[in-house]
Amino acid sequence: MEAETANATDEFGIPVLPAIPASCDSVRRKRRAITAAAAAEFLAEGYAAASMDAITGRSGVSKATVYKHFGTKERLFLAVVGGMLREIRAGLEFDGSTLTEAADLRAALIALCVDRAGLLLRPDIMALHRLVIGETHRFPQLGRLWYRVTYDGYDKPLVEACTELGRRGRLDVPDPVLAVRQLVAATAGVPQLVHALTPDTETDPAELTRVVTSGVDLFLARYAAP
């Protein structure tokens, strides 16, 4: 039973770590230190080149303690990266009524898409994006989790909002899922690709707004109700 608990994973294949009792503050601090150190090491070096010695050095925690908490380097990598991916979802989520109740739908779409594109282009999130892409062949569960996190946090609420706007006659969207994919590709997709392939690219807020505005206008040119 203890072995099963130690090797437990969620529906995506991401390790489920044993809960730490509220009274064990020192244990909780050690796990946080390990997680932070591992995140820095994996983002800098990737999975294969990352060193468990470097992680223990960064964390100030013994190697035995690292293995006690996470079991193996593979489980440590999946747990840490999976946790970072889930944190992204909170920043992507939004209330669909900001679109369905907006007097100026174009302005509301531009504001939303600029904000979410800016989040996805943050250097730390782009570094995580590159790491997941680079390791998907080895850890396909991370690719599936990245898709689910971004879909549930951003795409799904957009689909629901577009569906409702279609019902109210403000949009004409025969296929809301396809329409949202096109909107995301036309607003965040191109900047993400550029930043993924050229890590030294800096985000220019004015240029990002220009790209997003053009993408929203393309979307509305196709899907705005007559």
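Up top is the structure these notes are about.
Here is a short report on the structure shown in this document. Here the structure is a predicted model, which is why all the values come from computation and not from measurement. Each residue is numbered by its place in its chain's sequence as written, counting from 1. Reporting in this predicted model follows two pLDDT cut-offs: at least 70 for local features of residues, and 80 or more for side-chain atom pairs to be given and counted; totals over whole chains, interfaces and linings ignore these cut-offs and use all residues. Water and hydrogen atoms play no part in the side-chain values, which are based on all heavy atoms of the structure.

1. Section: the packing of aromatic side chains
Two rings from Phe, Tyr or Trp (for Trp, the six-membered ring) form a pair when their centres are within 6.5 Å of each other. A pair whose planes differ by under 30 degrees is stacked, one over 60 is edge-to-face, and the rest are tilted. In the structure shown here, the tally under the stated rule is eight aromatic pairs. Aromatic pair Phe77 and Phe139: ring centres 5.0 Å apart, planes at 35°, arrangement tilted. Of this pair, Phe77 sits in helix H5 (residues 73-92) while Phe139 sits in the loop between helix H8 (123-135) and helix H9 (140-167), and the two are 62 residues apart along the sequence. Phe139 carries the same exposure label as Phe77, and that label is buried. With 6.2 Å between their ring centres and 70° between their planes, Phe94 and Tyr154 make a pair best called edge-to-face. With Phe94 in the loop between H5 and helix H6 (97-100) and Tyr154 in helix H9, the pair connects residues that are 60 residues apart, well separated along the chain. Counting from the N terminus, the helices are the DSSP runs of H or I reaching at least four residues and the strands are the DSSP runs of E reaching at least two. Buried residues are those whose accessible area, probed at 1.4 Å on protein chains only, stays under 20% of the maximum for their type, while exposed residues exceed 50% and partly exposed ones sit between those limits.

2. Some remarks on the environment of Arg168
Along the polypeptide, Arg168 turns up in the loop between H9 and helix H10 (176-197). Any two residues having at least one pair of non-hydrogen atoms within 4.5 Å are treated as being in contact. In this structure Arg168 touches Thr100 and Glu101, once residues within four positions along its chain are discounted. Any N or O atom pair separated by 3.5 Å or less is treated as a polar contact, with the protein-specific requirement of one donor-capable and one acceptor-capable atom, and with residues adjacent in sequence counted only for side-chain atom pairs. Within the structure, the side chain of Arg168 is placed 3.1 Å from the backbone oxygen of Thr100, a separation counted as a polar contact. Side-chain polar atoms of Arg168 contact the side chain of Glu164, separated by 2.7 Å.

3. Side note on the pattern of salt bridges
Salt bridge criterion: a side-chain nitrogen from Lys or Arg within 4 Å of a carboxyl oxygen from Asp or Glu. As enumerated under the stated definition, the model contains 15 salt bridges in all. The closest approach of N and O atoms between Glu135 and Arg138, which form a salt bridge, is 3.1 Å. According to the relative accessible area criterion, Glu135 is buried, its value standing at 8%. Taking the relative accessible area as the measure of exposure, Arg138 reaches 38% and is therefore partly exposed. One network of salt bridges, with partners in common, ties together Arg89, Glu93, Arg148 and Asp152.

4. Focus: the packing of H5 against H8
Here, axes are lines fitted to C-alpha atoms. For helices the fit covers the stretch in contact, and angles between N-to-C directions go from 0 to 180 degrees. Closest axis-to-axis distance for the H5/H8 pair is 11 Å, and the angle between their directions is 130°. On the basis of their axis angle, the class for H5 and H8 is oblique. Of the two elements, H5 crosses H8, and the hand of that crossing is left-handed. Counting all contacts with H5, which are made through Phe77, Val81, Met84, Leu85 and Ile88, the residues of H8 involved are Ile125, Leu128, Leu131, Val132 and Glu135. Amino acid classes used here: Ala, Val, Leu, Ile, Met, Phe, Trp, Tyr, Cys and Pro are nonpolar; Asp, Glu, Lys and Arg are charged; the rest, including Gly, are polar. Class assignment of the residues belonging to the contact of H5 with H8 gives a composition of nine nonpolar, no polar and one charged. An angle below 35 degrees is treated as roughly parallel, one above 145 as roughly antiparallel, one from 65 to 115 as roughly perpendicular, and anything else as oblique. A clockwise turn of the near helix away from the far one marks a right-handed crossing, whereas an anticlockwise turn of less than a right angle marks a left-handed crossing.

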